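Coordinate inspection notes
What follows is the residue order along each chain.
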Amino acid sequence: MEQVTNALTTALAAVFLSAMVIEVRRRQKQLQELYNVLDEQDKQIVTELDRMVETGEIEPYAE
């Protein structure tokens, strides 16, 4: 009986932690979309584009 209780507790803890991770990722994505936060790959692309503008390879977009 104790093994069943331990297994059940472990399974419920795993489900709870998984749900927390999913919720944190969901909220993180929601905040990134809301505030248009750049992720690491986007930051690298922007840095490279800025470098290309500075060296004259491309011209900045202007309306």
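Higher on the page you've got the structure.
Residues numbered from 1 in each chain as written. Predicted model: local features only at pLDDT ≥ 70, side-chain atom pairs only at ≥ 80, totals over all residues. Heavy atoms only, no water.

**Description of the overall build of the chain**
Within the chain one finds 2 helices and 0 strands. Compactness check: the chain gives a C-alpha radius of gyration of 23 Å against a globular reference of 11 Å for 63 residues, more than 25% above the reference. Along the first, second and third principal axes, the C-alpha atoms of the chain reach 75 × 20 × 10 Å. Counting over 63 residues, the chain shows a buried share of 2%. (Helix = DSSP H or I, 4+ residues; strand = E, 2+ residues; numbered from the N terminus. Rg over C-alpha atoms; globule rule 2.2 N^0.38 Å. Buried < 20%, exposed > 50% of the residue type's maximum accessible area, 1.4 Å probe, protein only.)

**Observations regarding helix 2 (residues 40-55)**
For helix 2, built from 16 residues, the straight-helix expectation of 22 Å at 1.5 Å per residue is met to within 8% by its first-to-last C-alpha distance of 23 Å. Looking one or two residues beyond helix 2, the residue adopting positive phi is Gly56, at roughly 85°. (Expected span 1.5 Å × (residues − 1).)

**Observations regarding a nonpolar patch on the surface**
A surface patch of nonpolar side chains, about 450 Å² in accessible area, is lined by Leu31, Leu34, Tyr35 and Val37. Relative to the elements of secondary structure, Leu31 occurs in helix 1 (residues 2-35). Looking at Leu31, the relative accessible area reads 46%, which means it is partly exposed. (Patch = residues over 30% accessible without salt bridge, like charges linked within 9 Å, V, L, I, M, F, W, Y side chains within 5 Å. Areas by Shrake-Rupley, 256 points an atom, 1.4 Å probe, with all protein chains shown as cover. Salt bridge = Lys/Arg side-chain N within 4 Å of Asp/Glu carboxyl O.)

**Re helix 1**
The end-to-end C-alpha distance of helix 1, which contains 34 residues, comes to 49 Å, matching closely the 50 Å that a straight helix rising 1.5 Å per residue would cover. Trailing helix 1 by a residue or two, Asn36 shows a phi angle of about 50°, which is positive.

**With respect to the pattern of salt bridges**
Under the criterion given, the structure shown has 4 salt bridges. Between Arg27 and Glu23 there is a salt bridge whose closest N-O contact spans 2.7 Å. Taken together, the positions of Arg27 and Glu23, both in helix 1 and 4 residues apart, correspond to about one turn of that helix. The exposure class assigned to Glu23 is partly exposed, which follows from its relative accessible area of 27%. Two residues, Glu57 and Arg51, come together in a salt bridge whose shortest N-O distance is 3.1 Å. On the accessibility criterion, Glu57 (48% relative accessible area) is partly exposed. The exposure class of Arg51 is partly exposed, given its relative accessible area of 35%. Here the residues in one salt-bridge network are Glu23, Arg26 and Arg27, joined through shared partners.

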